Amino acid sequence: MIIVMSPEATDQQIDGVVKRIKDAGLDANISRGTERTVIGAIGNERKLEPEYFDALPGVEQSMHIVKPYKIVGREWHKADSIIDIKGIPLGGKQIQIIAGPCSVETIDQMEKAAQATVDAGCRMMRGGAYKPRTSPYAFQGHGAEGLAMFRKAADRHNLPIVTELMDVRTIDHFLEYGVDVIQIGTRNMQNFDLLKEVGKLNIPVVLKRGMSATISEWLMSAEYIAAGGNHNIIFCERGIRSFETYYRNVLDVTAIAVLKKETHLPVIVDPSHAGGKAWMVPALSRAAIAAGADGLLVEMHPSPCDAWCDADQALTPLELKNLVGTLGAIAGAIGRTI
Ligand code: PEP
Ligand code: MN
């Protein structure tokens with residue numbers, strides 16, 4: 001069962017609900033989001049009825065939740081959640097395209113990439129300073145220095161930044177450089193300790209799908225973040241492993257429809273890591289928008305053939321601009337805007 005507190009609920013009223021749960025012999029998980037607090041009753045729920053809570057001061061609604069993902073599920077929150085990223089809405093009518101290089105390389109590269117992001121009509125920028133690479137000998141990212149470069153280039157163009165966090169020990173750097181959206185990569189989707197730490201932060205999170213994760217495992221990973229109080233989660237489908245070797249991963253378009261049904265949170269798609277080739281990115285992007293994705297996370301490099309990482313899949317600035325130009329018609333056909 002979950003008990004959703006009204007936005008104005010006081011600590012005393014929250015304590016009152018927790019006491020009632022404990023008096024019934026159950027445990028309580030208090031998830032204090034920025035907008036509202038959601039209390040989960042853990043244990044034998046059959047002992048509880050919504051009427052025990054609905055009359056308590058500060059309670060907005062209480063209900064039995066059948067699905068194991070309680071806070072991220074649509075059962076209690078029917079409307080789409082819109083996440084505010086420095087004034088830019090993600091999850092509403094307007095589709096957001098987050099563009100930028102795989103990794104932060106140089107000041108010049110980031111400056112050109114930021115300019116190209118804005119020129120293409122995108123409102124947010126991506127770039128990795130901590131890179132999860134298959135080989136320990138490959139470029140691992142510039143770390144904190146990369147965050148500094150990214151921040152500087154993006155600030156000049158007023159772009160919020162999206163960047164990957166791999167290790168709890170670097171969270172201080174993310175706070176220092178005011179990272180606007182934390183990305184959890186495919187390899188860390190089930191790094192539960194990392195998810196718990198991110199759950200304590202008040203920063204939106206892009207949660208990528210594990211490359212072999214089922215949709216319910218993915219939803220449960222989001223629940224880890226939400227249980228800690230961070231309700232600003234954006235799902236990102238980035239392709240899953242299969243027997244096919246022609247392309248890097250299979251873009252699971254079906255997952256977009258499933259997630260839009262199961263969760264109230266926004267869903268975006270990374271067509272770059274799905275296809276793994278720049279020429280596939282436009283087709284996959286169009287499919288994603290048509291299927292109901294709330295945004296895209298696209299790799300773009302000022303000079304793809306010089307990219308230090310994922311050169312094959314990066315769009316040129318012109319290709320990005322052309323792509324964004326074609327997406328408006330698809331968005332319009334389903335009542336959305338770019
Ligand atoms: C990335 O976005 O640069 C990245 C490493 O993605 P993924 O975790 O999906 O492989
Ligand atoms: Mn990449």
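This one's a predicted model, so the numbers in the text were calculated from it and none came from an experiment. (Residues numbered from 1 in each chain as written. Chains lettered and ligands numbered in written order. Predicted model: local features only at pLDDT ≥ 70, side-chain atom pairs only at ≥ 80, totals over all residues. Heavy atoms only, no water.)

Trainee: Mind showing me how you'd approach the packing of aromatic side chains here?
Mentor: Applying the stated criterion to the full structure yields four aromatic pairs. When the ring of Phe139 is compared with that of Trp308, the centres are 4.9 Å apart and the planes differ by 80°; the resulting orientation is edge-to-face. Note that Phe139 is positioned in the loop between strand E8 (124-126) and helix H4 (144-156) and Trp308 in the loop between strand E14 (295-299) and helix H11 (317-333), a separation of 169 residues in sequence. Geometrically, the ring pair formed by Trp218 and Phe235 is edge-to-face, given 5.4 Å between the ring centres and 80° between the ring planes. Linking Trp218 in helix H7 (residues 215-227) with Phe235 in strand E12 (residues 233-237), this pair joins segments that are 17 residues apart in sequence. Take Phe235: its relative accessible area is 0%, and that puts it in the buried class. (Phe/Tyr/Trp six-rings, centres within 6.5 Å; stacked < 30°, edge-to-face > 60°. Helix = DSSP H or I, 4+ residues; strand = E, 2+ residues; numbered from the N terminus. Buried < 20%, exposed > 50% of the residue type's maximum accessible area, 1.4 Å probe, protein only.)

Trainee: Quick question: what am I supposed to make of the coordination of the manganese ion (ligand 2) here?
Mentor: Geometry reference: four tetrahedral donors at a metal, ideal angle 109.5 degrees. Six octahedral donors, ideal angles 90 or 180 degrees. Taken together, Cys102 (SG), His273 (NE2), Glu299 (OE) and Asp310 (OD) make up the full set of protein donors to the manganese ion (ligand 2), lying 2.0 to 2.4 Å away. Spacing between the donor residues of the manganese ion (ligand 2) along the chain follows C-x170-H-x25-E-x10-D. Highlighted residues: Cys102 in the loop between strand E7 (96-100) and helix H3 (107-119) and Glu299 in strand E14, separated in sequence by 197 residues. With a relative accessible area of 5%, Cys102 lands in the buried category. Residue class for Glu299 comes out buried when judged on its relative accessible area of 1%. (Donors = N, O, S within 2.8 Å, 3.2 Å for Na, K, Ca; no water.)

Trainee: What's the story with the packing of H3 against H4 in this structure? I'm lost.
Mentor: Axis angle and axis distance: for two packed helices, these are the angle between their axes and the distance between the axes, and together they describe the pair. Running from N to C, H3 and H4 point in directions that differ by 30°, and their axes come no closer than 9 Å. At the point where H3 passes H4, the crossing takes the right-handed sense. Taken together, the residues of H4 that come into contact with H3 (itself represented by Ile107, Met110, Glu111 and Ala114) are Met149, Phe150, Ala153 and Arg156. Split into classes, the residues belonging to the contact of H3 with H4 amount to six nonpolar, no polar and two charged. (Axes fitted to C-alpha atoms, helices over the stretch in contact; angles between N-to-C directions. Left-handed = near helix turned anticlockwise from the far one by under 90°. Contact = heavy atoms within 4.5 Å. Nonpolar A, V, L, I, M, F, W, Y, C, P; charged D, E, K, R; others polar.)

Trainee: What should I look at first to understand the sheet that holds strand E9 (residues 161-164) in this one?
Mentor: Strand pairing in a sheet is mediated by backbone hydrogen bonds. Such pairs are either parallel or antiparallel. Spatially, the eight strands close up into a barrel ordered E7-E8-E9-E10-E11-E12-E13-E14, and their pairing is parallel. The average angle at which neighbouring strand axes cross in this sheet is 25°, direction not considered. As judged from the four bridges shared by strand E11 (residues 205-208) and E12, these two strands associate in the parallel manner. Bridge assignment links Val205 to a residue of E12, and that residue is Ile233. Across the face of the sheet, H4 comes into contact with E8 and E9 while running at roughly 165° to E9. (Pairing = 2+ DSSP bridges.)

Trainee: Please explain the domain arrangement of the protein chain as it appears in this structure.
Mentor: Where interface size is given, it is often the accessible area lost as the parts come together that is meant. As assigned here, the protein chain comprises domain 1 (2-63) and domain 2 (83-333). For domain 1 versus domain 2, the separation of C-alpha centres amounts to 35 Å. Across the contact, eight residues belong to domain 1 and seven residues belong to domain 2. Remark: the boundary between domain 1 and domain 2 carries zero salt bridges. Viewed at the interface, domain 2 and domain 1 are joined by three residue pairs in polar contact (both at pLDDT 80 or more). (Domains from an automatic or database assignment. Salt bridge = Lys/Arg side-chain N within 4 Å of Asp/Glu carboxyl O. Polar contact = N/O pair within 3.5 Å; in protein donor to acceptor, adjacent residues only side chain to side chain.)

Trainee: Sorry, what's going on with the packing of helix H6 (residues 192-199) against H7 here?
Mentor: Relative to each other, H6 and H7 sit at 40°, their axes nearing to 6 Å. For the element pair H6 / H7, the angle class is oblique. Note that H6 runs across H7; the crossing there is right-handed. Taken together, the residues of H7 that come into contact with H6 (itself represented by Phe192, Leu195, Lys196, Val198 and Gly199) are Ser221, Tyr224 and Ile225. (Parallel < 35°, antiparallel > 145°, perpendicular 65-115°, else oblique.)

Trainee: Looking at this structure, I do not really get the site of ligand 1. What am I missing?
Mentor: As a matter of local geometry, ligand 1 sits amid 13 residues, with Arg126, Lys131, Thr186, Lys208 and Arg238 nearest to it. Lys208 is positioned with one of its side-chain polar atoms (N or O) 2.8 Å from an oxygen atom of ligand 1. Surface burial for ligand 1 is 97%, taken as the share of its 300 Å² of free accessible area covered by protein chains. Looking at the shell around ligand 1 residue by residue, the classes come out as two nonpolar, four polar and seven charged. (Near = heavy atom within 4 Å. Areas by Shrake-Rupley, 256 points an atom, 1.4 Å probe, with all protein chains shown as cover.)

Trainee: Can you walk me through helix H1 (residues 11-23) in this structure?
Mentor: Owing to its 3.6 residues per turn, the α-helix brings residues three or four apart onto one side. With 13 residues, H1 ought to run about 18 Å at 1.5 Å a step, and its terminal C-alpha atoms sit 18 Å apart, in line with that. Among the residues of H1, those classed as buried are Ile14, Val17, Val18 and Ile21. Buried residues along H1 cover an arc of 100° about the axis, so they all sit on one side. In this structure, H1 carries Gln12, Lys19 and Asp23 as exposed residues pointing more than 90 degrees from its buried face. Those residues of H1 hidden inside the fold are in contact with strand E1 (2-5), strand E2 (27-32), strand E3 (37-42), helix H2 (51-54) and strand E4 (59-63). Positioned one or two residues after H1, Gly25 has a phi angle of 90°, which is positive. (Expected span 1.5 Å × (residues − 1). Arc of directions from axis to C-beta.)

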